[in-house]
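Here is how the chains run, residue by residue.
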Amino acid sequence: MTLEDVIRWTKVQGRARRAPLGPHIDHILTTIEAVGYTFGSLRGLVYGLIRFGTYLHEQGITDLDQLRFRYVESFVATQPLRQFRSYRYPDSPGVRGARYLWRYVCAAGITEP
């Protein structure tokens, strides 16, 4: 599966292909697809990855080996909160994408946990 199969808009594809996700996006998609996500879940995760990648780009991160957990934490802190009864938690595609990307870079040995 390619990025073009998941995302139709060329502007969004361009954001996915720029640093720091660019060199890794196709392998990330292959890894996600191998897990067996439904197409809707996969698309939501890709949009989250793009949102987090855009945040990293704005922070000056040009390569995933520069990614540290503090960037994940600071991004998650900027995301909207959802409330369930008295419990508030960050809930957005970006949060899911950020956490997935962190697990991916640690498992692939791109950065230290």
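Above this text you will find the structure in question.
A brief look at the structure comes next.

So, how was this worked out
- Residues numbered from 1 in each chain as written.
- Predicted model: local features only at pLDDT ≥ 70, side-chain atom pairs only at ≥ 80, totals over all residues.
- Heavy atoms only, no water.
- Phe/Tyr/Trp six-rings, centres within 6.5 Å; stacked < 30°, edge-to-face > 60°.
- Buried < 20%, exposed > 50% of the residue type's maximum accessible area, 1.4 Å probe, protein only.
- Helix = DSSP H or I, 4+ residues; strand = E, 2+ residues; numbered from the N terminus.
- Polar contact = N/O pair within 3.5 Å; in protein donor to acceptor, adjacent residues only side chain to side chain.
- Contact = heavy atoms within 4.5 Å.
- Salt bridge = Lys/Arg side-chain N within 4 Å of Asp/Glu carboxyl O.
- Pairing = 2+ DSSP bridges.
- Arc of directions from axis to C-beta.

### Looking at the packing of aromatic side chains
1) Next: This model, assessed by the stated rule, comprises five aromatic pairs.
2) Next: Note on tyrosine 87 and tyrosine 89: the rings are 5.6 Å apart at their centroids and 20° apart in plane angle, and the pair reads as stacked.
3) Next: For tyrosine 87, a relative accessible area of 54% translates into the label exposed.

### So, the side chain of threonine 111
1) Next: Structurally, threonine 111 is set in the segment after α6 (93–107).
2) Next: Of the residues examined, threonine 111 reaches a relative accessible area of 5% and is grouped as buried.
3) Next: At a separation of 2.6 Å, a polar atom in the side chain of threonine 111 contacts the side chain of arginine 68.
4) Next: With residues up to four places along the chain from it excluded, the contact list for threonine 111 reads Leu64, Asp65, Leu67, Arg68, Trp102, Val105 and Cys106.

### Some details on the pattern of salt bridges
1) Next: Summed over the entire model, instances satisfying the criterion amount to three salt bridges.
2) Next: Of the charged contacts in the structure, one is a salt bridge between arginine 17 and aspartate 26, with a shortest N-O distance of 3.4 Å.
3) Next: Residues aspartate 91 and arginine 82 are paired through a salt bridge, measuring 2.8 Å at the closest nitrogen-oxygen approach.
4) Next: On the accessibility criterion, aspartate 91 (34% relative accessible area) is partly exposed.

### Observations regarding the pairing of strand β2 (residues 87–90)
1) Next: In terms of strand pairing, strand β1 (residues 81–84) meets β2 through four bridges, oriented antiparallel. Each bridged residue has a counterpart across the sheet, and for glutamine 83 the counterpart in β2 is arginine 88.
2) Next: Following β1, the chain reverses through two residues before pairing antiparallel with β2; arginine 85 in that reversal takes a positive phi of roughly 55°.

### Brief notes about helix α3 (residues 25–35)
1) Next: Buried within α3 we find Ile25, Ile28, Leu29 and Ile32. Viewed end-on, α3 has its buried residues packed into an arc of 100°, placing them on one side of the element.
2) Next: Elements that come into contact with the buried residues of α3 comprise α1 (3–6), α2 (10–17), α4 (39–58) and α6.
3) Next: A positive phi of about 100° marks glycine 36, the residue just after α3.

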